[in-house]
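Spelled out from the first residue to the last, the chains are:
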Amino acid sequence: MYHLLKGLHEHLTRKEEFSVIIIGLDGAGKTTFLEKIKTLYNEVPGLSPDKIGPTVGQNTGTIVLPSTILQFWDLGGQRGIRNIWHRYYGDCHAVVYVIDAEDRERLSEGWEVFDSVLSNPQILGLPLLLVANKQDSPQSLSVDEIRHDYEDWHQRKLESARRTRYGEADHNSSDAMRRERIASLDVMGVSALEGTGIRAAVDWLFIRVQNSRRDVKSTS
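Since this is a predicted model, take the numbers as computed values, not measurements.

So, how was this worked out
Residues numbered from 1 in each chain as written. Predicted model: local features only at pLDDT ≥ 70, side-chain atom pairs only at ≥ 80, totals over all residues. Heavy atoms only, no water. Helix = DSSP H or I, 4+ residues; strand = E, 2+ residues; numbered from the N terminus. Buried < 20%, exposed > 50% of the residue type's maximum accessible area, 1.4 Å probe, protein only. Contact = heavy atoms within 4.5 Å. Areas by Shrake-Rupley, 256 points an atom, 1.4 Å probe, with all protein chains shown as cover. Core = buried A, V, L, I, M, F, W, Y, C linked by side-chain atoms within 4.5 Å. Pairing = 2+ DSSP bridges. Axes fitted to C-alpha atoms, helices over the stretch in contact; angles between N-to-C directions. Parallel < 35°, antiparallel > 145°, perpendicular 65-115°, else oblique. Nonpolar A, V, L, I, M, F, W, Y, C, P; charged D, E, K, R; others polar. Salt bridge = Lys/Arg side-chain N within 4 Å of Asp/Glu carboxyl O. Phe/Tyr/Trp six-rings, centres within 6.5 Å; stacked < 30°, edge-to-face > 60°. Lys NZ or Arg CZ within 6 Å of the ring centre and 35° of its normal.

This part covers the overall build of the protein chain. When helices and strands are counted, the protein chain shows eight helices and six strands. When the helices and strands of the protein chain are read in sequence order from the N terminus, they spell out α-β-α-β-β-α-α-β-α-β-α-α-β-α. The buried share of the protein chain, reckoned over its 220 residues, is 42%. Across the protein chain, the fraction of contacts at a sequence separation of at least 24, relative to all contacts at a separation of at least 6, is 74%. Here the protein chain has roughly 12,200 Å² of accessible surface; of this, 52% comes from carbon and sulfur atoms.

Here you go:
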């Protein structure tokens, strides 16, 4: 009887585990974002910003929430590392794309990479959060400005594509799905340095991964 009750208790109290990947250009603040999450949710704080260097490969972190464990994978954003991101898509439950809202010179590069992420079929159906980091800087674009900047960039890309026969075909075959994804895209402003918006982002992930899992179960 003891073992039966123990097994039932473990089953009822078992926490589901979900994997979240954090991607974006190098220097966007992905690792600072993850380390601040560790600091806010774990007894052992994460690294302080002055001890964080460029990510070569990956960093990981785990936090325990009610009924849920979130395992974070912070992936390096250098050009040579981005081509391995897709290896993590199949096993993750949510994606956080971090954009440096202060670095206006690299926004186009950031959107180009973000667009390639959206184009991957493994991402479709996964919760996707666009994080506009460095909101502590007065030079940073706001959440609305970041969204509009991406929409303007995407529109320019579509217009350029229409001028070529290949681009028109690509537009017809895949853009409707991407438009729907963009229309429902959530953008959140954070300061990974100060911690502003971090808890709201984690709450968003907590709710979305559970809802996504339920949707999968209901359709299977």
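This part takes up the nonpolar core. Formed by 29 residues in total, the largest nonpolar core has its most connected members in Ile-23, Tyr-97, Trp-111, Phe-114, Leu-130 and Ile-146. Looking at this core, the elements with two or more residues in it are β1 (16-24), β4 (94-100), α5 (107-118), β5 (128-133) and α6 (143-162). Of all the elements, α5 adds the most residues to this core, at six residues. Beyond its immediate sequence surroundings of up to four residues, Trp-111 is in contact with Ile-99, Leu-130, Ile-146, Asp-149, Tyr-150 and Trp-153. If you look at the next biggest cluster of nonpolar residues, it comprises 25 residues, including Phe-33, Leu-70, Trp-204 and Val-209.

This next bit is on the sheet that holds β5. An order of β2-β3-β1-β4-β5-β6 is seen for the six strands of this open sheet, with the pairing classed as mixed. In this open sheet, the two strands that pair with only one neighbour each are β2 (58-65) and β6 (186-189). The mean angle between the axes of side-by-side strands here comes to 25 degrees, regardless of whether they run parallel or antiparallel. Bridge analysis of β5 against β6 gives four bridges, and the strand direction is parallel. Among the inter-strand pairings, Leu-130 is bridged to a residue of β6, identified as Val-187. Where α6 meets the sheet, it contacts β4, β5 and β6, and its direction lies at approximately 140 degrees from that of β6.

Their axes nearest at 10 Å, the elements α5 and α6 cross at an angle of 75 degrees. With respect to α6, the axis of α5 lies roughly perpendicular. Residue-level inspection shows Leu-107, Ser-108, Trp-111, Glu-112, Phe-114, Asp-115 and Leu-118 of α5 in contact with α6, the latter providing Ile-146, Asp-149, Tyr-150, Trp-153, His-154 and Lys-157. Residue composition of the contact of α5 with α6, grouped by class: seven nonpolar, two polar and four charged.

Applying the stated criterion across every chain yields a total of ten salt bridges. Residue Lys-38 is joined to Glu-35 by a salt bridge in which the shortest nitrogen-to-oxygen separation is 3.1 Å. Of this pair, Lys-38 and Glu-35 both sit in helix α2 (residues 30-41), three residues apart, which is roughly one turn of that helix. With relative accessibility at 5%, the residue Glu-35 sits in the buried group. Between Lys-134 and Asp-100 there is a salt bridge, and its shortest N-O distance comes to 2.9 Å. With Lys-134 in the loop between β5 and α6 and Asp-100 in strand β4, this pair connects stretches of sequence that are 34 residues apart. Given the relative accessible area of 12%, Asp-100 is considered buried. Here the residues in one salt-bridge network are Asp-26, Arg-79, Arg-82, Arg-106 and Glu-109, joined through shared partners.

Per the stated rule, a full pass over the model turns up six aromatic pairs. Between Trp-111 and Phe-114 the ring centres are 6.1 Å apart and the planes differ by 65 degrees, which places this aromatic pair in the edge-to-face class. You can see Trp-111 and its partner Phe-114 sitting in helix α5, three residues apart, about one turn around the helix. Put simply, the rings of Tyr-97, Trp-111, Phe-114, Tyr-150 and Trp-153 touch in pairs and so form one group of aromatic residues. The ring of Tyr-41 carries the charged tip of Arg-199 above its face, separated from the ring centre by 4.9 Å.

In terms of burial, β1 is a largely internal element, seven of the nine residues being buried. In this sheet, strand β3 (residues 68-75) lies alongside β1 in parallel orientation, the contact comprising seven bridges. Opposite Val-20, over in β3, you have Phe-72 as the bridge partner. As paired elements, β1 and β4 share five bridges and run parallel to each other. Within β4, the residue paired with Ile-23 across the bridge is Tyr-97.

This is a description of form; function is not addressed.
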